[in-house]
Number of protein chains: 2
Amino acid sequence: MRPVTLKEIAKELGISVATVSKALKGYQDVSPKTRKRVLELTEKLNYSPNTAAISLRKQHTKTIGVIIPTIVHYFFSSVIEAIIKIADSKDYLVILLQSDENFELEKKQVNLLLSKGIDGLIISLSNHTRTYTHLKKLQDYNVPFVQIDKISKIVHSSKVIIDDRKAAYNAVSYLIEKGYKKIAHFRAGLNPQNSIDRYLGYKKALEDNDIPLDPSLVYICDNNRDFEDGIFNAEKMIKEHGNSVDAIFTVNDMLAIGAIHYFRNNDIKIPEEIAVFGFSNWFMSSVISPKLSTVNQDGSIMGEAAINVLFEEIENKRAGKPALNKTVVIDTDLVIREST
Amino acid sequence: MRPVTLKEIAKELGISVATVSKALKGYQDVSPKTRKRVLELTEKLNYSPNTAAISLRKQHTKTIGVIIPTIVHYFFSSVIEAIIKIADSKDYLVILLQSDENFELEKKQVNLLLSKGIDGLIISLSNHTRTYTHLKKLQDYNVPFVQIDKISKIVHSSKVIIDDRKAAYNAVSYLIEKGYKKIAHFRAGLNPQNSIDRYLGYKKALEDNDIPLDPSLVYICDNNRDFEDGIFNAEKMIKEHGNSVDAIFTVNDMLAIGAIHYFRNNDIKIPEEIAVFGFSNWFMSSVISPKLSTVNQDGSIMGEAAINVLFEEIENKRAGKPALNKTVVIDTDLVIREST
DNA sequence: TCAAATACCGAAAACCTTTTCGATTGTTAT
DNA sequence: ATAACAATCGAAAAGGTTTTCGGTATTTGA
């Protein structure tokens, strides 16, 4: 059984494909009689238009692309879920790609999507993305895109982000307020903007409270296995600093959970001997023990914002106007639990 | 800037589009000279073929669909990740849709994908799917699909599953072997095949060990909020049975984690006073406290298997042969941790 | 030198839909 | 009765690619 086409409908009815098409599209130059006949037959045969043909003719695909570093990730999967839901409700399909924190793959995927002819793209950059010709190419070909969460500040496009610096500042300030003085930071690699901004927020909070920054308290965790990395660096920290450290602020929850794991296994009490503050508010953070204090970064809200901005850009492009390039900043808040 | 087409290449070179196309495709009836010229120009202009046109002409889309109940879910996101990776490596794109455990949505999405003209579909059924006309339709139109994890036994198609019944049987047998006698079961709704089979495995294990099944120990958790449901039913169980219950076997990890949460908050020691056995081996299970014993159900492996048999089916169809309809059963094993 | 074989190329159809524009029929007004 | 007009329809082109088939032009063999 093959999908029925306009031509077959037309033949069956003894009219032209043009008329069938117009009947379906509600054109006024088709008589009520034939319109009714067309509608009935298409219904009966459950005709549905050939998407490839429409794409070819109309030069759009009703499809958007999403490229993210990792799918198995609470924050990102929440983002994806929100995007897909809203896209679906507007009859857009989404093609999902995972860059796996691999820059070459990311580049290849952008090109793939470009040749596929997507109507728009939402992208969160890999940790190793340092050049942006692939994004420029999107601009060259005038396909709207919005960066989300892990962005490049230097490429012009719409963005939806949180104020990483401020959020980190608030978290560390809270720690200081609570009396913690010697505060370590588990950061991510040197590249991703997130990592930089959160570090900067950490640094600023210390400065504003007259606590000198001790570089030996800043641990770089960038081998992509956050849980193990958390364990590893917690151990390293204890070896280097004994139990003199009051608290840790980590760049993400998974690192914090790894650290907690290590501390529990070594009978280091949380938060009595050491407090732990995470970042992202993964679901897991609320069910582990002790429950993790963290910065709430809502993936659903960010995903929703991203797809909405993208639709705005698409609409905008259709109207022939230049890109909006707006950046929307999503609020975060501190969620305080047992670990601090 | 618009994507360059064959026609433009041809014009520039003063040859026909047919020749350009053939040069690109490696046909033998084009001279080395002109082939070289074509290749150079397409490279320079970085030509990439229009996907819609190819789809229209070749009657395939190099795209597969994936419909699953929930994305924010460790098991399913692992499945998705594996599918996308392998698809990507074979130059297939994947369109992801979430049915949200909503049958009507699932049906709509199948139709959407059908009209989109996907080359194949991987689907995991919603909890409320009881009729299968939408799957029949896939068969009518001869689009290959494979059911994964949450399947219907009565519709003929390729499937990749685990032996839920056996896995549950093994888990409960282990519990009994360890000396637990009064074993409760937190099951899911009455419909999904998973839930039925795991319950049946539980029942069989009891029978084979001469433990009478006590229906009051079977709790149905089907309101889609597993963590809260775990808490709720743990509390209910304690109210109804005091501390006489030795162990719980839950239909999934999240329910177990909810239950553990409740027990810890009420100073009920695990596993001393009550043991908990989960199902799926979510990552979370290995980092919570106490670490959860569970059935290991590897999403990556299942996803990989699914996409591979889908490709087999697609290949098969291309060869004009009838559907394979093979069902592959993925091994599971018990991972024993602190909770038992 | 001529016939046959080969190398190379292009026209055209097909995939399916949308939309413009011209054509035809029927209707109204003068 | 004729002109003007409205109503209804269809031909055709366009969107980009693939592939068959036929047609030159060139080379080979005798």
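Going by the structure above, here's the rest.
One structure accompanies this document, and this report is about it. (Residues numbered from 1 in each chain as written. Chains lettered and ligands numbered in written order. Predicted model: local features only at pLDDT ≥ 70, side-chain atom pairs only at ≥ 80, totals over all residues. Heavy atoms only, no water.)

Section: empty space enclosed by the protein
Counted under the stated rule, the structure contains 1 cavity of 30 Å³ or more. One number sums up the size of the largest cavity: a volume of about 190 Å³. Forming the walls of the largest cavity are 16 residues, and the residues nearest its centre are Ser55, Thr61 and Lys116 of chain A together with Ser55 and Lys116 of chain B. Elements with a minimum of two residues in the lining of the largest cavity: α4 (51-58) of chain A together with α4 (51-58) of chain B. Split by residue class, the lining of the largest cavity holds 5 nonpolar, 9 polar and 2 charged. (1 Å grid on protein atoms, 1.4 Å probe; cavity = no way out; pocket = protein on both sides within 12 Å on 5 of 7 lines; lining within 4 Å. Points joined across faces, edges and corners; volume = space filled by probe spheres on them. Helix = DSSP H or I, 4+ residues; strand = E, 2+ residues; numbered from the N terminus. Nonpolar A, V, L, I, M, F, W, Y, C, P; charged D, E, K, R; others polar.)

Description of the protein's contact with DNA strand C
Around DNA strand C there are 28 residues in total, and Leu6, Tyr47 and Arg57 of chain A together with Thr19 and Lys22 of chain B lie nearest to it. Sugar plus phosphate: this is where 64% of the atoms of DNA strand C within 4 Å of the protein reside. Here Ser21 of chain A contributes a side-chain N or O atom positioned 3.1 Å from a phosphate oxygen of DNA strand C. Between Asp29 of chain B and DNA strand C, the recorded distance is 2.8 Å, taken from a side-chain N or O atom to a base nitrogen. Secondary-structure elements contributing two or more residues to the surface near DNA strand C are α1 (6-13), α2 (17-25) and α4 of chain A together with α2 (17-25), α3 (32-44) and α4 of chain B. No other element matches the 4 residues that α2 of chain A contributes to the surface near DNA strand C. Its residues placed into classes, the surface near DNA strand C shows 12 nonpolar, 8 polar and 8 charged. (Near = heavy atom within 4 Å. Polar contact = N/O pair within 3.5 Å; in protein donor to acceptor, adjacent residues only side chain to side chain.)

Focus on helix α9 (residues 193-208) of chain A
Residues and elements named next belong to chain A. Spanning 16 residues, α9 covers 22 Å between terminal C-alpha atoms, matching the ideal 22 Å at 1.5 Å per step. Within the span of α9, buried status applies to Gln193, Asn194, Ser195, Asp197, Arg198, Tyr199, Gly201, Tyr202, Ala205 and Leu206. Structurally, α9 contributes buried residues whose contacts are with β5 (158-162), α8 (164-177), β6 (183-187), β7 (218-220) and β8 (247-250). After α9 finishes, the residue Asp210 shows a positive phi value of roughly 55°. (Expected span 1.5 Å × (residues − 1). Buried < 20%, exposed > 50% of the residue type's maximum accessible area, 1.4 Å probe, protein only. Contact = heavy atoms within 4.5 Å.)

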